[in-house]
Amino acid sequence: MNIAAGANQAWQRRSVHSIWHPCTQMQRAATVPPLPIASGKGPWLFDHEGRRYFDATSSWWVNLFGHADARINAALKDQLDRLPHVMLAGCTHAPAVELAERLSALTGGVLGHCFFASDGASAVEIALKMSFHHWRNLGQVDKREFVCLRQGYHGETLGALAVTDVAVFRDAYDPLLMRAHQVMSPDARQAALGETTIDVAARAATALQQLFESRHEHIAALIVEPLVQGAAGMAMYDAAYLSAARALCDRYGVHLIADEIAVGCGRTGSFFACEQAAVWPDFVCLSKGISGGTLPLSLVLTRDHIYEVFLDHDVARGFLHSHSYSGNALACRAALAVLDRFEQDGVLLNNRQRAAELTAALAPLQEDGRIEHFRHKGMIWAFDVCEGYAGERFAERFHLAGRERELLIRPIARTVYLMPPYVLDDDLSVWLAQRLIDTLDAVARNAYADRTPESPTA
Ligand SMILES: Cc1ncc(COP(=O)(O)O)c(C=O)c1O
């Protein structure tokens with residue numbers, strides 16, 4: 001039964017009149033009106049008229065345990081009555097201290113200090129500034145260049161955008177950005193005939209070495225998204241690249257920044273993606289899933305020897321960066337509840353079983369001639385729809401067709417991906433795979449038909 005006929009439309013109209021939506025060409029709002037969501041529970045979102053949608057990308061990869069998780073909510077409610085916020089300059093509080101301690105412990109104590117911020121991009125800014133300032137404090141003032149990977153994405157503030165290589169986000173602002181070195185991505189899709197993913201990683205590492213050889217005295221840091229380059233289209237690569245990059249950074253005196261904002265918190269199968277290469281970077285950026293999709297929180301973990309380089313009588317040699325909500329107590333408490341869930345529920349182990357089930361349910365796609373590069377890492381699945389089947393505005397049409405099938409999904413160009421919350425079960429996996437394939441059938445078939453000679457649009 002329609003529980004509030006017209007309510008969706010009313011919210012859509014008001015939204016478009018008042019909100020400038022992120023990552024959206026607002027001119028398209030009439031064709032693709034924002035989905036008005038009234039509530040969420042587990043992997044489901046509900047609109048104002050009682051329809052449900054499976055959140056197939058965990059709301060931009062943040063809702064690790066789905067929506068309105070009871071345990072995270074209980075922790076938040078408790079914290080709300082004690083201390084929602086206090087500034088972290090000159091004060092401290094238990095949730096921030098405990099979170100810093102527990103995250104450090106997850107690195108085996110290698111990364112001993114934690115600097116808090118709010119959004120992912122601000123964590124990236126912090127890591128870049130810390131790296132530069134560390135070298136500066138050591139008298140190496142020429143080390144002020146950064147290296148990033150082609151297809152990398154690190155956020156959209158000006159510093160983060162400068163080390164990002166996704167044209168649609170970057171190009172308009174290019175004149176404003178500092179120059180960074182872009183080196184070959186180890187994206188496994190570039191494998192030539194007979195090449196393995198490790199061969200591609202080795203080629204990319206050679207390109208990095210060549211740059212370091214000529215410029216290392218000027219280079220402060222290399223920044224990477226470990227194992228999966230998310231926003232560029234879930235480009236996956238072999239862990240061998242991370243090991244090689246770590247060795248090269250050590251050899252040439254360059255910091256390694258691991259942007260684990262998207263891939264951290266178990267998304268690739270280990271808590272930190274870098275663990276799969278058995279390396280620790282000099283800086284780890286975390287955000288998104290760490291607060292379980294409740295409140296904005298980001299942080300940068302770094303090694304104690306880097307932290308110590310900032311200790312001085314001179315205030316200006318300290319790291320004076322700050323945000324008003326740095327280390328917000330509510331957000332930190334939510335993050336502690338997220339870590340509790342990892343510990344108490346054996347999340348990483350359970351996810352392996354869930355991933356196997358969903359991979360099995362998606363098996364028909366691996367043989368599907370309309371797609372290429374079916375790939376999977378931990379709790380991320382992706383494939384690229386072949387150009388002949390994608391057609392114009394593929395991502396938009398797929399998204400709309402998904403909505404009709406109870407799926408909230410947003411492809412990146414021709415790449416369709418799933419980053420579901422960690423609350424799947426066998427039945428849900430089968431359902432999800434079937435709805436995904438149904439959506440592909442609806443969209444890819446139409447695109448193909450559009451391109452046949454008898455089509456009026458051909
Ligand atoms: C790898 C990576 N770094 C940084 C960011 C930026 O995070 P935020 O959108 O919270 O600023 C993102 C966001 O998608 C990301 O995927």
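Residues numbered from 1 in each chain as written. Predicted model: local features only at pLDDT ≥ 70, side-chain atom pairs only at ≥ 80, totals over all residues.

Quick look at the overall build of the protein
- The secondary structure content of the protein amounts to 16 helices and 16 strands.
- In terms of overall size, the protein behaves like a compact globule, its C-alpha atoms giving a radius of gyration of 23 Å where 458 residues would be expected to give roughly 23 Å.
- In the protein, buried positions account for 45% of the 458 residues.
- Long-range pairs, those at least 24 residues apart, make up 73% of the contacts in the protein between residues at least 6 apart in sequence. (Helix = DSSP H or I, 4+ residues; strand = E, 2+ residues; numbered from the N terminus. Rg over C-alpha atoms; globule rule 2.2 N^0.38 Å. Buried ≥ 20, exposed ≤ 12 C-beta atoms within 10 Å, placed from the backbone. Contact = placed C-beta atoms within 7 Å.)

Examining the sheet that holds strand β7 (residues 219-224)
- Strand order in the open sheet made by the seven strands is β4-β12-β11-β10-β7-β5-β6, with mixed pairing throughout. Lying at the two open borders of the sheet, with one neighbouring strand each, are β4 (113-117) and β6 (181-183). For this sheet, the mean inter-axis angle between neighbouring strands, taken without regard to orientation, is 20°.
- As paired strands, β4 and strand β12 (residues 298-302) are joined by five bridges and run antiparallel to one another. Bridge pairing in β12 places phenylalanine 116 opposite leucine 299.
- Here helix α4 (residues 94-106) sits on the sheet in contact with β4 and β12, set at roughly 125° to β4. (Pairing = 2+ DSSP bridges. Axes fitted to C-alpha atoms, helices over the stretch in contact; angles between N-to-C directions.)

As for the environment of glutamine 210
- By secondary structure assignment, the location of glutamine 210 is in helix α8 (residues 197-215).
- Taking C-alpha positions, glutamine 210 is 38 Å from aspartate 314, a pair spaced 104 residues apart along the chain.

Observations regarding the pairing of strand β14 (residues 380-385)
- Counting buried positions along β14 yields six of six residues, so the element is predominantly enclosed.
- Across the two faces of β14 the burial is the same, with Ile380, Ala382 and Asp384 and Trp381, Phe383 and Val385 all buried.
- Pairing geometry for strand β13 (residues 371-377) and β14, over five bridges, is antiparallel. Within β14, the position partnered with lysine 377 by the bridge is isoleucine 380.
- In this antiparallel pair of consecutive strands, β13 and β14, the connection spans two residues, and glycine 378 shows a positive phi of 55°.
- Bridging between β14 and strand β16 (residues 415-418) involves four bridges; their strand directions are antiparallel. Bridging across to β16, aspartate 384 finds its partner in threonine 415.

Details of the site of the ligand
- Among the 14 residues in the neighbourhood of the ligand, the closest are listed as Gly120, Ala121, Gly155, Ile261 and Ala262.
- With three residues, the single largest contributor to the shell around the ligand is helix α5 (residues 120-137).
- For the shell around the ligand, a count of residues per class yields six nonpolar, five polar and three charged. (Near = placed C-beta within 6 Å. Nonpolar A, V, L, I, M, F, W, Y, C, P; charged D, E, K, R; others polar.)

Quick word on unusual backbone geometry
- You will see that serine 59, though not glycine, has its phi angle at about 45°, which is positive.
- Turning to its location among the elements, serine 59 is positioned in helix α2 (residues 58-61).
- You can call serine 59 partly exposed: it has 18 C-beta atoms within 10 Å.
- Here alanine 413, not a glycine, exhibits a phi torsion of approximately 50°, which is positive.
- Secondary-structure assignment places alanine 413 in the loop between β15 (407-408) and β16.

Brief notes about the confidence of the model for the protein
- Taken over all residues, the pLDDT of the protein has a mean of 96, while the share at 70 or more is 97%.
- A low-confidence stretch, residues 453-458 stays under pLDDT 50, and its non-local contacts, those more than four residues away or across chains, total six contacts. (pLDDT = per-residue confidence, 0-100.)

Let's talk about the nonpolar core
- Counting 132 residues, the largest nonpolar core has Ala127, Leu222, Ala245, Cys285, Leu299 and Val300 as its most contacted members.
- Excluding residues within four positions of it along the chain, leucine 222 makes contact with Val147, Ala245, Cys249, Val254, Leu256 and Ile257. (Core = buried A, V, L, I, M, F, W, Y, C linked by C-beta atoms within 7 Å.)

Some thoughts on the sheet that holds strand β2 (residues 44-47)
- Strand order across the open sheet formed by four strands is β1-β2-β3-β15, with mixed pairing between neighbours. If you trace the sheet from one side to the other, it starts and ends with β1 (37-41) and β15, each paired once.

With respect to the packing of helix α3 (residues 70-82) against helix α11 (residues 329-345)
- For the pair α3 and α11, the least separation of the axes is 9 Å and the interaxial angle reads 145°. When the axes of α3 and α11 are compared, the crossing they make is right-handed. Residue-level contacts link Arg71, Ile72, Ala75, Leu76, Gln79 and Leu80 of α3 to Ala329, Leu330, Arg333, Ala334, Leu336, Ala337, Val338 and Arg341 of α11.
- Split into classes, the residues belonging to the contact of α3 with α11 amount to 10 nonpolar, one polar and three charged. (Left-handed = near helix turned anticlockwise from the far one by under 90°.)

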